[in-house]
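# Structural features, examined
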Amino acid sequence: MVIDAVSFYLFALMVLGGGILTITRRNAVHSAISLIVSLLGVAGLYLLQGAEFLFAVQIVLYVGGIMLLFLFVIMLVNLDMAAKERQFNHQWLVALVAVALVGAQTGYFLIRGQGAFRIADAGGIAPPSALGNTEILADALFSKYLLPFELVSVLLLVAVVGSVVMAKKRI
Amino acid sequence: MHPITTVHYLALSAALLLIGTVGVLTRRNIVIILMSIELILNAVNINLIAFSHALRSVDGQIFAIFVITDAVAEAAVGLGILIALFRNKETVQADEVDLLKW
Amino acid sequence: MVTVNWLDQIWLIPLFPLAGAALMLGFGKWLDPQPVSDVAVAPDLALDPHPHGLNAHGRLKFLISLLCPGTVLLSFLLSVGAVWELSTVPQRMHQVIQFSWVAGLPFHTASGRIAMFQADWGFLLDPLSSVMILVVTGVGFLIHVYSVGYMAHDNGYYRFFGYLNLFVFFMLMLVLANNYALLFVGWEGVGLCSYLLIGFYFHKKSAADAGKKAFVMNRVGDAGFILGMLLMLQVLGTVRFTGVHAALAGFQSESGGFGVLSAMALLLFIGATGKSAQFPLYTWLPDAMEGPTPVSALIHAATMVTAGVYMVARSAALFHLTPDTSTIVAVVGAFTAIFAASIALVQNDIKRVLAYSTVSQLGYMFLALGVGAYWVAVFHLFTHAFFKALLFLCSGSVIHAMGGEQDMRRMGALKNKIPITHWTMWVGSVAIAGIPGLAGFFSKDEILWQSYQRSGILWIVGFVTAGLTAFYMWRLMNLTFYGQSRVAPEKEAHIQESPAVMTIPLSILALGSILAGWLGTPKLWNLGESFRAFETWLEPAFPKVEAAKHAASTEWLLMALSVAVAFAGIGVARYFYTIRTEIPDRLGAAFQPLYTTLYRKWYVDEIYDFLFVNGLGKGGGRVCGAFDRNIVDGGVNGAGWLTRFTSTLSIWWDTWIIDGAVRFGSFFVKMLSFPVCLLQTGRVQAYAFFVVIGILAFFGYYVTR
């Protein structure tokens, strides 16, 4: 339990710290590294929650794939000029206030609605299962969620074509 | 020490979402904005996994996979747009582009 | 025996000449190709012997010579058949209506009735039209035959016969029509053919001018005719002869005053004065002598100019109800008769003398119509057709023999050189002079007797005219055939008698001039019914006129007087122009002003020139010019100014009101949208901010709940 709690707070710290650093760094590369930290924290949280497959996916896809993409773009696009300019736009103060208000409201909801989540606390431990997490996921994904799965694959295809069209100089 | 409950995860998720939102609303660099969007999506994922765990259902994880896929697609297209924009406007600052009107 | 219902075939009578005309005018050029050009040449040139003789052209020309008189002969035979059959029909009337060419247009008549303006393509054969078709086709045929010889060497042979056939067609339409509208079609058609044939030698300016003059003067009369016809339609509601007769039965005689019927009759009479060359619209007829002589004989003596007489006779029922107009007709006729005869006294052109003689004789006919002796007018028309056609054809023969010479002062002593022409013309002259036993005597004497019954003054005018007629005709005869020859020596040798194709028609017409009159001998002579056939034949066609009572001795006396004046005229003429040829010159010198006045035809042409051509024409030209410059141009300029003014107004309105409204609308919308526009920055993050605000509001709703 203690390890769980410690792990949670550690990962939470990684997540929030990485997130805050991501949105505050002047240098985009620093932001990207901070984002990696944050995403790794999220991956750790997945592991805590018993979602081993997603843990793997998070690491491989985000840290390995998306971050590579980001860094590649950062290298491709000259960000030196951007780094020397203002980092925040004119509406930063009002935006911050508004988001803070939304955060306050969300906190209010969480405190008031604490009781609604009692069910979740009934079994703090993952249920014993003969099958591993990956098998269960695969079973659901390729039977119950087959159609959404295929649609998502089409979405990916569209995204591939779209990004090629966008990025290419001449079609 | 209190045991870690779903509410903790939800609070963490909300915090991450707000951080991402602040990034989207205040940063000028579009690359950072895209990163902030990733943060927001991850906050959603934390939410989904937390409920999946609490309800002992694998559906949340499935949705998380879909969200990750979506995030990949969004990142790919968004970065493509960024490259196109930089090529045409010579800028990556979001408030220097005001085409989205009329 | 094949029985043909001739009466139902009368619609065919005009169609034969029409077919001939269509053939000639459509294909005649191919039948009679002109070696050089299609321009007809003057008679003096044309009378040269044909250089090519009878070649291929000649044979085709021979075809024309057979075809065109043939169509008229066919019509004549049909007419004879129809008239013969008509004499067996008790009511002496037959109508063939084929279709209506003016479909019914409803209108209100003067009496408030609704009538249909409708005109048939219909034919009416009654005693009156039967006389006319026999004259038109019979005399027309003889003149066609004569023309074969007379026009033999003219260019435009086919054109001449085409026009001549077309004329016969229209003339037959005119006399066979069963309503005034169709009659008017024929009326205008013969006017057209008259124009075409007067201007046959169209390269001669005088001929072209004469054609125009005839056409224009006829238009003056035709205007009267049209107005009369429209008035008739308005008052009586129909133009069909039978309908008009029926409608007139409901009217009283307008002996009390000049009413609407009198106006109608007067308008119709104005039409007749144009066509029949009565005063004051007669001046075109002498000028019409510019046409070829057969045309003068057929159109301007025998048939077309009598169309007015026919039309008035056809309207006898109307004129019978309108004594005022009838008086006008009689006075105009009598005046024209003596007036034209006085001019004929001194003319030197052989054809002009005959032309004025025609005008004078037509005046006789109108005199007869005016005094209510309708059948006598038609009788004189009938006899006149023979002897005047004969006289014209004889004069043509003389001109032919003289090589185109028309001036009687360069003739004389032709009696033995052209004997057949001389004897036939002698018959014609005796006939017109009114010597008993020949045609002219019977009809003219009847006219004089009838006019005496109405008024002594009219009789005196007619009587004097008879004397003048005898005088000028025998002046013509003496100058042409007797006395000393005044022919130019180089022409003397070429004088020869015309060919048989010309002299045979002359002989037939001469026979007619002798015999035609015996159909209407005076009642006084008591020769039996068959010698009074003309009157009894025409009796159903005209209203009854009660004869005034005069002693038989009066009639004998008047007859003797008119015969005496005829002989006197002949004798004086012979004395003046053969025995003592210096007397006319002395008389002319003694009465210089009178002679000149007569010679210049009472200056009527000059007066018309002054009044109408110069006065109305040039003065009218000035007035029209001023009108054009001031009113018409002013109107145009004014319209232009008005257009510009309105367009200026329109521009102002457009700029300030229309555009102003549009601009105000857009301005208003702009003002309204201005605050909203401020929100639309075009920046993505601003929009995202609004989304957050929306979430804030959304959450706020649940927080405050």
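Residues numbered from 1 in each chain as written. Chains lettered and ligands numbered in written order. Predicted model: local features only at pLDDT ≥ 70, side-chain atom pairs only at ≥ 80, totals over all residues. Heavy atoms only, no water.

## Points about the overall build of chain C
Quick note on the threshold: A run of H or I in DSSP counts as a helix once it spans at least four residues, and a run of E counts as a strand once it spans at least two, with each numbered from the N terminus. Type-normalised accessible area, obtained with a 1.4 Å probe on protein chains alone, sets the label of each residue: buried when under 20%, exposed when over 50%, and partly exposed for intermediate values. Contacts between residues were defined by any pair of non-hydrogen atoms, one from each residue, lying within 4.5 Å. Per-residue and other accessible areas were derived by the Shrake-Rupley procedure at a 1.4 Å probe size, with only the shown protein chains allowed to occlude residues.
Helix and strand counts for chain C come out as 27 helices and two strands. The buried share of chain C, taken over its 705 residues, is 53%. Pairs at least 24 residues apart make up 82% of the contacts formed inside chain C by residues separated by at least 6 positions. Carbon together with sulfur atoms contributes 70% to the accessible area of chain C, which is approximately 30,100 Å² in total.

## Some remarks on the overall build of chain B
Each helix and strand in chain B was counted, giving three helices and zero strands. The linear arrangement of helices and strands in chain B, starting from the amino end, is α-α-α. Looking at chain B as a whole, 65% of its 102 residues are labelled buried. Considering only residue pairs separated by 6 or more positions, chain B has 54% of its internal contacts joining residues 24 or more positions apart. Per element, the accessible surface of chain B, about 3,700 Å² overall, is 69% carbon and sulfur.

## Side note on the pairing of strand S1 (residues 94–108) of chain C
Rule in force here: Strands pair, by our definition, only if DSSP identifies at least two bridges between them.
For S1(C) and strand S2 (residues 114–125) of chain C, the ladder comprises eleven bridges, and the chain directions are antiparallel. Of the residues in S2(C), the one forming a bridge with C:Phe99 is C:Trp121.

## With respect to unusual backbone geometry
Here C:Phe279 and C:Pro280 are connected by a cis peptide whose omega angle stands at 5°. Tracing the chain through its elements places C:Pro280 in the loop between helix H9 (260–275) and helix H10 (284–287). Although it is not a glycine, B:Arg56 sits at a positive phi angle of roughly 55°. Along the polypeptide, B:Arg56 turns up in the loop between helix H2 (30–55) and helix H3 (59–89). A residue is classified by how much of its surface remains accessible, and B:Arg56, at 38% relative accessible area, is partly exposed. Backbone geometry places C:Arg92, a non-glycine residue, at a positive phi of 55°. As for its position among the elements, C:Arg92 is in the loop between helix H3 (56–86) and S1. The class for C:Arg92 is partly exposed, based on a relative accessible area of 22%.

## Some details on the packing of aromatic side chains
This is how it is decided: Stacked, edge-to-face and tilted labels apply to pairs of Phe, Tyr and Trp rings (six-membered ring for Trp) whose centres lie within 6.5 Å, assigned for plane angles under 30 degrees, over 60, and everything in between, in that order. Only Lys NZ and Arg CZ are tested; either one counts as a charge over a ring when it is within 6 Å of the ring centre and within 35 degrees of the ring normal.
One pass over the structure, following the stated rule, counts 48 aromatic pairs over all chains. An aromatic cluster of at least three residues, connected via ring pairs, comprises A:Tyr108, A:Phe109, C:Phe698, C:Phe699, C:Tyr701 and C:Tyr702. Taking NZ or CZ as reference, B:Arg27 lies 5.3 Å from the ring centre of A:Phe88, over its face. Between C:Arg219 and the ring centre of C:Phe215, over which it is positioned, the NZ or CZ distance is 4.3 Å.

## Structural notes on the environment of C:Val135
Residue and element names in this part refer to chain C. Among the structural elements, Val135 can be located in helix H4 (residues 127–150). Note on Val135: relative accessible area 3%, which makes it buried. Residues Val135 and Thr383, spaced 248 residues apart in sequence, show a C-alpha to C-alpha distance of 9.5 Å.

## Topic: helix H2 (residues 28–48) of chain A
Residues and elements named next belong to chain A. Put simply, the rule reads: Given the number of residues in a helix, its expected span is that number minus one, multiplied by 1.5 Å. We define a polar contact as two N or O atoms separated by no more than 3.5 Å, with the added condition that, inside protein, one atom must be a possible hydrogen donor and the other a possible acceptor, whereas residues neighbouring each other in sequence contribute only through side-chain atom pairs.
The terminal C-alpha atoms of H2 lie 30 Å apart, and with 21 residues this matches the ideal 30 Å at 1.5 Å per residue to within 8%. Where H2 begins, the capping side chain belongs to Asn27, and its oxygen is found 2.9 Å from the backbone nitrogen of Val29. Following H2 by one or two positions, Gly50 adopts a phi angle in the positive range, close to 85°.

## Observations concerning the environment of C:Thr503
Residue and element names in this part refer to chain C. Relative to the elements of secondary structure, Thr503 occurs in helix H21 (residues 500–515). For the pair formed by Thr503 and Tyr146, sequence separation is 357 residues and the distance between their alpha carbons is 7.7 Å. Beyond its immediate stretch of four places on either side in the chain, Thr503 contacts Ile420, Glu497 and Ser498.

## Quick word on helix H6 (residues 180–198) of chain C
All names here are of chain C. Taking 1.5 Å of rise per residue, the 19 residues of H6 would be expected to cover 27 Å, and the 26 Å separating its terminal C-alpha atoms lies within 8% of that figure. For H6, the tally of buried residues reaches 14 of 19 residues, placing the bulk of the element in the interior. The backbone nitrogen of Ala181 has a side-chain oxygen 3.0 Å away, supplied by the residue at the start of H6, namely Asn179.

## A short note on the interface of chain C and chain B
Just so we agree on the cut-off: Once two parts are joined, some of their accessible surface, as seen by a 1.4 Å probe, is lost; buried area is that loss totalled over both. Residues are sorted three ways: Asp, Glu, Lys and Arg are charged, Ala, Val, Leu, Ile, Met, Phe, Trp, Tyr, Cys and Pro are nonpolar, and all the rest, Gly among them, are polar.
Listed as interface residues are ten residues of chain C and, on the opposing side, 15 residues of chain B. With both sides pooled, the region where chain C packs onto chain B buries about 940 Å², and carbon together with sulfur makes up 56% of that total. Of all residues in chain C, the largest losses of buried area upon contact with chain B belong to C:Gln680, C:Arg683 and C:Gln685, amounting jointly to 54% of the total for that side. Class assignment for the residues of the side of chain C that touches chain B results in five nonpolar, four polar and one charged.

## Details of the interface of chain B and chain A
Heads up, the condition is: When a carboxyl oxygen of Asp or Glu lies within 4 Å of a side-chain nitrogen of Lys or Arg, that pair is called a salt bridge.
Across the boundary between the two partners, chain B contributes 70 residues, which contact 85 residues of chain A. Taken over both partners, the interface formed by chain B and chain A buries close to 6,800 Å², and the fraction arising from carbon and sulfur atoms is 76%. When the area that chain B buries against chain A is broken down by residue, the three leading residues are B:Arg27, B:Met35 and B:His53, summing to 9%. One can count two salt bridges joining chain B with chain A. The partner of B:Asp59 in a salt bridge is A:Lys144, and the shortest N-O contact between them spans 3.5 Å.

## Some thoughts on the packing of helix H11 (residues 293–302) of chain C against helix H16 (residues 374–401) of chain C
All names here are of chain C. To be explicit about the condition: Comment: axis = line fitted to C-alpha atoms, over the contacting stretch for helices; angle = value between 0 and 180 degrees taken between N-to-C directions. Small angles under 35 degrees read as roughly parallel and large ones over 145 as roughly antiparallel, with 65 to 115 read as roughly perpendicular and the rest as oblique. Helix crossings are classified by the rotation of the near helix relative to the far one: an anticlockwise turn of less than a right angle makes the crossing left-handed, while a clockwise turn makes it right-handed.
Running from amino to carboxyl end, H11 crosses H16 at an angle of 160°, the nearest separation of the two axes being 9 Å. Relative to H16, the element H11 is oriented roughly antiparallel. The handedness of the crossing between H11 and H16 is right-handed. Only His384, Ala385, Lys388, Ala389, Phe392, Leu393, Ser395, Gly396 and Ile399 of H16 make contact with H11, whose side of the interface consists of Thr293, Pro294, Ser296, Ala297, His300, Ala301 and Ala302. In terms of residue class, the contact of H11 with H16 is built from nine nonpolar, six polar and one charged.

## Some remarks on a nonpolar patch on the surface
All names here are of chain C. In plain terms, the rule: Surface patches are drawn from residues lacking salt bridges whose relative accessible area is over 30%; two like charges belong together within 9 Å, two nonpolar side chains (Val, Leu, Ile, Met, Phe, Trp, Tyr) within 5 Å.
Residues Tyr603, Ile607, Phe610, Leu611, Phe612, Val613 and Leu616 make up a contiguous nonpolar surface patch of roughly 700 Å² in combined accessible area. Take Val613: it is sitting in helix H26 (residues 604–679). Take Val613: its relative accessible area is 48%, and that puts it in the partly exposed class.

## Thoughts on the confidence of the model for chain C
Residue and element names in this part refer to chain C. Using the following cut-off: Confidence of the prediction at every residue is given by pLDDT, a number between 0 and 100.
With 95% of its residues at a pLDDT of at least 70, chain C reaches an overall mean of 84. Here helix H2 (residues 43–46) is the element of chain C with the lowest mean pLDDT, 43, and helix H12 (residues 307–314) is the one with the highest, 91. Segment residues 36–56: pLDDT under 50, and 28 contacts once partners within four positions in sequence are set aside and those in other chains are kept. Interface predicted TM-score (ipTM) for the complex: 0.91; the corresponding pTM is 0.63.

## Section: the pattern of salt bridges
Side chains bearing opposite charge may pair, as long as their charged atoms lie close to each other. Scanning the entire structure with this criterion turns up 17 salt bridges over all chains. Salt-bridge contacts for C:Glu188 lead to C:Arg219; the nearest nitrogen and oxygen are separated by 2.7 Å. Here C:Glu188, found in helix H6, pairs with C:Arg219, found in helix H7 (residues 205–236); they are 31 residues apart in sequence, far enough to count as distant. The residue C:Asp209 makes a salt bridge to C:Lys205 at a minimum N-O spacing of 2.6 Å. Placement of the pair is C:Asp209 and C:Lys205 together in helix H7, with a separation of four residues, close to one helical turn. Here the salt bridges share partners, and the residues they tie into one network are A:Glu85, B:Arg28, B:Asp95 and B:Glu96.

## Some words on the side chain of C:Gln278
Residue and element names in this part refer to chain C. Topologically, Gln278 is positioned in the loop between H9 and H10. In terms of polar contacts, Gln278 uses its side chain to reach the backbone carbonyl oxygen of Ser276, at 3.2 Å. Those residues in contact with Gln278 that sit more than four places away from it in its chain are Thr273, Val332, Gly333, Thr336, Val359, Leu362, Gly363 and Phe366.

## Describing the side chain of B:Asn42
Relative to the helices and strands, B:Asn42 resides in helix H2. Those residues in contact with B:Asn42 that lie beyond four places of it in its chain are A:Leu39, A:Val42, A:Tyr46, A:Gln58, A:Tyr62 and B:Leu16.

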